[in-house]
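# Tertiary structure, described
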Amino acid sequence: MYKLFSVTGKVVLITGSSRGLGFKLAQGFAKAGAIVVVNGQSVAGVERAVDLLHSEGGQAEGFPFDVSDQHQVSQAITRIEKEVGPIDVLVNNAGIHRRAPLEEMTKDQFLQVIDVNLVSVFSVSQLVASQMIKRKQGRIINITSLNAEGARPTIANYCAAKGGLKMLTKSMATEYAKYNIQTNAIGPGYFKTDMTKKLRDDPEFDSWVKQEVPLARWGDPQELVGVAIFLASQAASYINGQTIYVDGGWQASL
């Protein structure tokens, strides 16, 4: 049974994993025996993350690159495959926010979020999948959001990107399945991260989240690790094109 959920020895590339939810996923995979490839734009940030994973006994390599720059992505993927090993699992986690009311949001603010949160997933996945296709195996896990299903003010760009990512996940699952590549998504609800600190520090918003979530609390990033490892393991070999929401029961409750 243990082997059914094993990711030991698998090479797992996690974009945007030098901090936040991505780093927690990196820690989880490293502790489970995977060889984690840490990514971020900051060289120093990636190095810090890798050093911390090493100090915890994990196997990790760092590759700083901008997921929205296809040339950088192509060079990095080639190096990872050559220097670390064939990528078994890709976790598309990198994302940004550019908050503004819809009537004030600029085209640049809209396109920046679409580019990083959606277009980069297409670009990175296409390059990684080109190698997975040759090997006739692979797992792709996209980190979408509760906002793929529901919107709230000031994040129309983010909602559009995550809603698009939900459908891109289905499209990737449909087209890559013939190569024995399974593509799924994880949709976090409201989690305690650097990105949500302002919201958590707002007493009104904090209270609203706790009232709306049946579990009456924010999620801990560690609570995403189990579902990610499950989707990367043999236990999920017939799961394809699904989004698993980790939201404390938000969508289940009226």
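Residues numbered from 1 in each chain as written. Predicted model: local features only at pLDDT ≥ 70, side-chain atom pairs only at ≥ 80, totals over all residues. Heavy atoms only, no water.

### Regarding the sheet that holds strand β7 (residues 243-246)
Spelled out, the test is: Strand pairing is assigned whenever DSSP identifies at least 2 bridges connecting the two strands. Labels follow the DSSP assignment, with helices taken as runs of H or I lasting at least four residues and strands as runs of E lasting at least two, numbered in each case from the N terminus. Interaxial angle, 0 to 180 degrees, is taken between N-to-C directions of lines fitted to C-alpha atoms, where a helix line uses only the stretch in contact.
What the 7 strands build is an open sheet, ordered β3-β2-β1-β4-β5-β6-β7; its pairing is parallel. On the outer flanks of this sheet lie β3 (59-62) and β7, each paired with one strand and no other. Each adjacent strand pair in this sheet contributes to an overall mean axis angle of 20°, direction not counted. Bridge count between strand β6 (residues 181-188) and β7: 4 bridges; the pairing is parallel. Along β7, the bridge assignment pairs Ala 185 with Thr 243.

### Remarks on the packing of helix α3 (residues 70-83) against helix α4 (residues 107-135)
Note the following rule: Note that the term roughly parallel is reserved for angles under 35 degrees, roughly antiparallel for angles over 145, roughly perpendicular for angles of 65 to 115, and oblique for everything else. Each crossing is labelled by how the near helix is turned from the far one, with a counterclockwise turn of less than a right angle marking it left-handed and a clockwise turn marking it right-handed. Note on definitions: a residue-residue contact is assigned when non-hydrogen atoms from the two residues lie within 4.5 Å. The residue classification treats Ala, Val, Leu, Ile, Met, Phe, Trp, Tyr, Cys and Pro as nonpolar and Asp, Glu, Lys and Arg as charged. All others, Gly included, are polar.
The contact between α3 and α4 brings their axes to 9 Å, and the two run at 30°. The orientation of α3 relative to α4 falls into the category roughly parallel. In the crossing of α3 with α4, the sense of the turn from one axis to the other is right-handed. Note on element contacts: α4 touches α3 through Ser 123, Val 124, Gln 126, Leu 127, Val 128, Gln 131 and Arg 135, opposite Gln 70, Val 73, Ser 74, Ile 77 and Glu 81. Tallied by class, residues from the contact of α3 with α4 come to 5 nonpolar, 5 polar and 2 charged.

### Quick look at α3
Going by this rule: Under the convention used throughout, the expected extent of a helix is 1.5 Å for every residue step, that is, one less than its residue count. Under the scheme applied here, a residue whose accessible area is under 20% of the maximum for its type counts as buried, over 50% as exposed, and between as partly exposed, the area being computed with a 1.4 Å probe on protein chains only. This arc is built from the directions going out from the helix axis to the C-beta atoms.
With 14 residues, α3 should cover 20 Å at 1.5 Å per step; its first-to-last C-alpha distance of 20 Å lies within 8% of that length. Buried residues of α3: Val 73, Ala 76, Ile 77, Ile 80 and Glu 81, and no others. The arc enclosing the buried residues of α3, seen along the axis, measures out at 130°, which places them on a common side. Among the exposed residues of α3, those oriented more than 90 degrees off its buried face are His 71, Thr 78, Lys 82 and Glu 83. The inward-facing, buried residues of α3 contact β1 (11-14), β2 (35-38) and α4. Just downstream of α3, Gly 85 is the residue with a positive phi angle, here 140°.

### Side note on empty space enclosed by the protein
What counts, and what does not: Buriedness for pockets is judged along seven lines, at least five of which must meet protein on both sides within 12 Å for an open set on the 1 Å grid over protein atoms alone, while cavities are sets there where a 1.4 Å probe fits but cannot get out, and lining residues have an atom within 4 Å of a point. Grid points are joined across faces, edges and corners, and a volume is the space filled by probe spheres set on the points.
Under the criterion given, the structure shown has 1 cavity of 30 Å³ or more. In this model, the largest cavity occupies a volume close to 40 Å³. Every residue along the wall of the largest cavity is listed here: Thr 15, Val 67, Asn 92, Asn 93, Ala 94, Ser 120, Val 121 and Val 124. A per-element tally of the lining of the largest cavity places α4 first, with 3 residues. Partitioning the lining of the largest cavity into residue classes produces 4 nonpolar, 4 polar and no charged.

### A word on the environment of Leu 90
Looking at the secondary structure, you find Leu 90 in strand β4 (residues 89-92). Judged by relative accessible area, which is 0%, Leu 90 ranks as buried. Measuring from C-alpha to C-alpha, the distance between Leu 90 and Ala 129 comes to 9.0 Å, with 39 residues separating the pair along the chain. Beyond its immediate chain neighbours, meaning those up to four positions away, Leu 90 contacts Leu 13, Thr 15, Val 124, Ser 125, Val 128, Met 132, Arg 139, Ile 140 and Ile 141.

### Here we look at the packing of aromatic side chains
Heads up, the condition is: Only centres within 6.5 Å qualify two rings of Phe, Tyr or Trp (six-membered ring in Trp) as a pair; their planes then separate them into stacked at under 30 degrees, edge-to-face at over 60, and tilted for everything else.
Summed over all chains, the structure comprises 8 aromatic pairs. Both rings, one in Tyr 190 and one in Trp 208, keep their centres 6.2 Å apart while their planes meet at 75°; by these two values the pair is edge-to-face. Of this pair, Tyr 190 sits in the loop between β6 and α6 (197-201) while Trp 208 sits in helix α7 (residues 203-212); the two residues are 18 residues apart in sequence, bridging distant segments of the chain. For Trp 208, a relative accessible area of 32% gives the class partly exposed. For the ring pair Trp 208 and Trp 250, a centre distance of 5.3 Å and an interplane angle of 75° mean the geometry is edge-to-face. Highlighted residues: Trp 208 in helix α7 and Trp 250 in the segment after β7, separated in sequence by 42 residues. An aromatic cluster is present here, built from Tyr 190, Phe 205, Trp 208, Trp 218 and Trp 250 joined pairwise through their rings.

None of the figures reported here should be taken as evidence of function without further support.
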